[in-house]
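Remarks on the overall topology
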Amino acid sequence: MMTWEVLSMIGTVAFAISGAFIAMEEEYDIFGVYILGIVTAFGGGAIRNLLIGLPVSALWEQGMFFNLALMSITIVFLFPGNLLKHWQRWGNFFDAIGLAAFAIQGAIYATNMGHPISAVIVAAVLTGSGGGIIRDLLAGRKPLVLKAEIYAVWAVLAGLVIGLGMANKAVELYGLFAVITALRVMSYTYKWHLPVRKLGVH
Amino acid sequence: MMTWEVLSMIGTVAFAISGAFIAMEEEYDIFGVYILGIVTAFGGGAIRNLLIGLPVSALWEQGMFFNLALMSITIVFLFPGNLLKHWQRWGNFFDAIGLAAFAIQGAIYATNMGHPISAVIVAAVLTGSGGGIIRDLLAGRKPLVLKAEIYAVWAVLAGLVIGLGMANKAVELYGLFAVITALRVMSYTYKWHLPVRKLGVH
Amino acid sequence: MMTWEVLSMIGTVAFAISGAFIAMEEEYDIFGVYILGIVTAFGGGAIRNLLIGLPVSALWEQGMFFNLALMSITIVFLFPGNLLKHWQRWGNFFDAIGLAAFAIQGAIYATNMGHPISAVIVAAVLTGSGGGIIRDLLAGRKPLVLKAEIYAVWAVLAGLVIGLGMANKAVELYGLFAVITALRVMSYTYKWHLPVRKLGVH
């Protein structure tokens with residue numbers, strides 16, 4: 001199995017779980033939990049395909065990913081309550097895994113299609129953060145990517161490393177995945193922020 | 001005229017009316033009423049076409065649908081006030097008609113293209129609920145499909161019946177349309193709910 | 001340089017600035033300011049391309065536009081604070097410029113592709129207001145186009161004038177651009193409103 005397929009599987013599972021967590025937090029019914037989980041799992045890839053001109057339907061061709069997402073959501077929904085006590089920490093953790101996996105997968109995808117580095121970075125950002133943006137909009141929240149501790153910067157970093165050809169072999173790509181995930185987890189754990197330019201309200 | 005064309009017309013009119021009602025409830029001006037009505041009428045088909053790889057522009061080719069939507073919105077806007085007193089009940093009713101008509105139309109569409117049953121169900125859910133999702137997002141509301149009494153399940157049921165070949169003739173399809181509409185109306189009238197798995201807030 | 005290219009450049013710069021202003025008002029970090037600026041600058045064209053069946057990637061082919069947007073956002077972010085005191089007035093002004101420039105550009109685009117006048121008007125409205133709609137949704141606001149003083153009507157007017165062949169030469173198109181911008185600025189300055197049909201809350 002190709003490295004980018006493994007990363008796709010990891011990202012699909014992680015984002016499906018993060019969507020299911022937020023749906024349960026918003027007290028959606030079981031069907032809403034499945035819908036939000038699936039939208040989060042496939043949203044990033046759908047936006048990326050739309051923007052680079054591929055048919056979105058290519059996402060569904062491998063039914064395995066759909067089944068993986070359904071299984072992950074089912075497990076979350078049936079999980080024992082006392083293990084879900086710390087769901088907020090776990091929700092952020094799975095979102096970080098999904099961000100890293102999909103940013104790298106999107107960047108590999110764009111590189112393989114022969115795009116220049118600017119397009120590789122855009123693909124990394126959109127694939128990594130697109131699912132979470134749709135998830136947050138549907139749940140009536142401001143997108144995490146726009147407000148939170150450092151987020152999309154790590155997707156840019158992934159795009160840059162891959163676009164510059166600094167990670168090619170499987171072991172390098174998995175290492176990059178671990179680093180990007182760790183950087184995002186440290187960002188929200190230690191509340192790292194980028195500069196904010198405030199406008200007073202007049 | 002083909003059955004799915006009749007269902008398209010019914011769904012277009014019903015969703016245009018439901019969008020116009022919500023725009024008037026939010027006190028949009030006359031132009032906003034037309035925009036939200038048209039977005040609701042065509043949003044489901046647009047999302048479905050994007051996801052299955054058809055050009056969205058195919059939606060506009062039959063100008064008749066556009067004119068139908070414009071006429072429906074105009075009638076709602078000009079309707080005597082005392083008949084609009086119960087607009088909330090009527091808004092839900094037209095949304096139910098649109099859901100049923102478009103879910104069946106989307107399922108027929110996907111079946112005719114030779115898609116497997118899983119894709120037929122996805123097409124039924126997206127075509128049936130997509131317009132309402134965009135409508136609710138633009139109006140700043142949480143999507144009905146994610147929070148309300150049983151909603152998208154009925155689109156799944158429509159997709160299942162058509163995907164399994166259990167409804168083919170016109171009379172069967174119209175019967176299915178009546179049943180799906182009635183099930184949705186009963187869902188909000190009698191407040192039918194699916195199980196909710198709550199997460200405590202820590 | 002073609003007139004529609006000049007209008008594209010003006011619109012890209014103006015919408016990038018309006019997105020950056022709103023991101024700073026919402027206290028997004030520097031990365032959020034760039035993301036919202038770019039989404040606003042390219043959102044209208046992306047929606048238009050999706051709906052008329054062109055690949056969205058065509059938008060990125062001219063890297064110049066991307067660089068223009070990045071430069072505009074950087075200038076806004078670094079601008080001296082005392083000049084940003086009246087950002088709200090300036091935000092509305094740049095939004096008006098973007099609306100006029102992109103409505104005319106979208107209408108020219110659709111006319112050149114041989115579309116009928118109804119499609120020219122739809123292209124004008126979507127290209128002119130699409131970026132602002134995505135900007136407002138991501139920032140958690142109700143779209144300006146649906147609630148504010150007269151807005152999309154001016155895009156319809158631009159589409160009508162161009163669709164009817166009443167403006168062809170560069171000087172006519174720039175004149176139309178000035179008139180549309182001025183009409184929008186007068187709409188919010190003098191609070192022009194279209195009729196609203198209110199529904200009582202029961």
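Conventions we followed
- Numbering of residues starts from 1 in each chain and follows the order in which that chain's sequence is written.
- Here chains are named by letter from A upward and ligands by number from 1 upward, in the order in which they appear as written.
- This being a predicted model, a pLDDT of at least 70 is required before a residue's local features are given, and a value of 80 or more before pairs of side-chain atoms are given or counted; all residues contribute to the totals for chains, interfaces and linings.
- Computation of side-chain values covers all heavy atoms of the structure but excludes hydrogens and water.
- UniProt positions are given in the numbering used here, feature names are shortened, and annotations may be inferred rather than shown by experiment.
- Only Phe, Tyr and Trp rings are paired, with Trp represented by its six-membered ring, and only when their centres lie within 6.5 Å; those with planes under 30 degrees apart are stacked, over 60 edge-to-face, the remainder tilted.
- Secondary structure elements follow DSSP: runs of H or I of four or more residues count as helices, runs of E of two or more count as strands, with numbering from the N terminus.
- Working definition: with a 1.4 Å probe on protein chains only, accessible area under 20% of the residue-type maximum means buried, over 50% means exposed, and in between means partly exposed.
- Any two residues whose heavy atoms approach within 4.5 Å are treated as being in contact.
- As used here, buried area is the combined drop in accessible area, with a 1.4 Å probe, of two parts when they are placed together.
- Any carboxyl oxygen of Asp or Glu that lies within 4 Å of a side-chain nitrogen of Lys or Arg is treated as forming a salt bridge with it.
- Counting of polar contacts relies on pairs of N or O atoms within 3.5 Å, with two restrictions inside protein: one atom must be capable of donating a hydrogen and the other of accepting it, and residues adjacent in sequence are counted only when both atoms are side-chain atoms.
- The nonpolar class holds Ala, Val, Leu, Ile, Met, Phe, Trp, Tyr, Cys and Pro. Asp, Glu, Lys and Arg form the charged class, and all remaining residues, Gly among them, are polar.
- To line up the copies, we fit them by least squares on C-alpha atoms, keeping just the residues with pLDDT of at least 70 in both.
- Expected span of a helix, by definition, is 1.5 Å for each gap between consecutive residues, and there is one gap fewer than residues.
- In this context, the arc is that of the directions from the helix axis out to the C-beta atoms.
- Like charges within 9 Å and nonpolar side chains (Val, Leu, Ile, Met, Phe, Trp, Tyr) within 5 Å are joined into patches, using only residues over 30% in relative accessible area that form no salt bridge.
- Residue exposure ignores everything except the shown protein chains as possible cover, and the areas themselves are Shrake-Rupley values with a 1.4 Å probe.
- Within this scheme, the nonpolar core is defined by two criteria: the residues are buried Ala, Val, Leu, Ile, Met, Phe, Trp, Tyr or Cys, and they are joined through side-chain atoms within 4.5 Å.

An unreviewed UniProt entry annotates chain A as Membrane protein originating from Mesobacillus boroniphilus JCM 21738. In UniProt, chain A has this text filed under Subcellular location (unreviewed entry): "Cell membrane". Here is the UniProt Sequence similarities (unreviewed entry) comment for chain A, exactly as written: "Belongs to the UPF0126 family."

Here's the deal with the packing of aromatic side chains
For any two aromatic rings, the description comes down to two numbers: the centre-to-centre distance and the angle of the planes. All names here are of chain A. The tally for this structure, following the rule as stated, stands at 21 aromatic pairs over all chains. Aromatic pair Phe15 and Phe102: ring centres 5.6 Å apart, planes at 20 degrees, arrangement stacked. Remark: Phe102 occurs in helix H4 (residues 87-112) and Phe15 occurs in helix H1 (residues 3-25); sequence separation between them is 87 residues. Of the two residues, Phe15 and Phe102, both sit in the buried class. The rings of Trp90, Phe93 and Phe94 are connected pair by pair, giving a single aromatic cluster.

Quick word on the interface of chain C and chain B
Contact residues are listed per partner, giving 23 residues for chain C and 31 residues for chain B. Here chain C meets chain B over a buried area of about 2,400 Å², counting both sides, of which 68% is carbon and sulfur. Between chain C and chain B we count 1 salt bridge in total. With a closest N to O distance of 2.3 Å, C:Lys142 and B:Glu26 form a salt bridge. Taken together, the connections running from chain C to chain B amount to 3 residue pairs in polar contact (both at pLDDT 80 or more). Those elements giving two or more residues to the side of chain C that touches chain B turn out to be helix H2 (30-52), helix H5 (117-138), helix H6 (144-147) and helix H7 (152-163) of chain C. The residue inventory of the side of chain C that touches chain B, partitioned by class, reads 17 nonpolar, 2 polar and 4 charged.

Here we look at the relation of the copies chain C and chain A
The two copies are related by a screw motion: chain C maps onto chain A through a turn of 120 degrees and a shift of 0.0 Å along the axis, at an RMSD of 0.0 Å. The superposition operator between the copies reduces to a three-fold rotation axis. A distinct binding surface is used by each copy, with only 6% of the interface residues of chain C retained as interface residues in chain A.

Points about the relation of the copies chain C and chain B
Relating one copy of the chain to the other requires a rotation about an axis plus a shift along that axis. Of the two same-sequence chains, chain C is brought onto chain B (RMSD 0.0 Å, axial shift 0.0 Å) by a rotation of 120 degrees. Mapped onto chain B, only 9% of the interface residues of chain C are again interface residues, and the two copies thus contact each other with different surfaces.

Here's the deal with the UniProt feature "transmembrane region" (unreviewed entry) in chain A
All names here are of chain A. UniProt's entry tags residues 6-24, 31-52, 64-81, 93-111, 117-138, 150-167 and 173-190 with the feature "transmembrane region" (unreviewed entry), counted in the numbering of this structure. Helix makes up 100% of residues 31-52 and strand 0%, and the two end C-alpha atoms of the span are 31 Å apart. Summarising residues 150-167: 67% helix, 0% strand, and an end-to-end C-alpha distance of 23 Å.

Side note on helix H8 (residues 170-189) of chain A
Residue and element names in this part refer to chain A. Taking 1.5 Å as the rise per residue, H8 with 20 residues should run 28 Å; its terminal C-alpha atoms sit 28 Å apart, in good agreement. When H8 is considered as a whole, its buried residues turn out to be Leu173, Leu176, Phe177, Ile180, Thr181, Leu183, Arg184, Ser187 and Tyr188. Projected down its long axis, H8 carries its buried residues within an arc of 160 degrees, all on one side. Lys191 sits one or two residues past H8 and shows a positive phi near 50 degrees.

A few points about a nonpolar patch on the surface
Where nonpolar side chains cluster on the molecular surface, the patch consists of A:Ile117, A:Leu160, A:Leu164 and A:Met166 and spans about 370 Å² of accessible area. Following the sequence through the fold, A:Met166 ends up in the loop between helix H7 (152-163) and H8.

Quick look at the nonpolar core
By size, the foremost hydrophobic cluster in this structure holds 110 residues, and its most contacted members are A:Ile104, B:Leu36, C:Leu36 and C:Ile104. With 11 residues, the top contributor of residues to this core is helix H4 (residues 87-112) of chain C.

A short note on the interface of chain C and chain A
Frequently, the measure chosen for interface size is the accessible area removed from exposure when the parts meet. On the chain A side, the residues contacting the 32 residues of chain C number 24 residues. Of the roughly 2,400 Å² buried between chain C and chain A on both sides combined, carbon and sulfur atoms contribute 68%. Its largest share of buried area at the contact with chain A, chain C owes to C:Asp29, C:Phe31 and C:Leu138, together 24% of the area lost on that side. Inspection of the region where chain C meets chain A yields 1 salt bridge. One can count 3 residue pairs in polar contact (both at pLDDT 80 or more) joining chain C with chain A. Counting only elements with at least two residues in the side of chain C that touches chain A, the list comes to helix H1 (3-25), H2, helix H3 (63-78), H4 and H5 of chain C. Among the elements that take part in the side of chain C that touches chain A, H2(C) stands out by supplying 6 residues, more than any other. Residues that form the side of chain C that touches chain A fall into these classes: 22 nonpolar, 5 polar and 5 charged.

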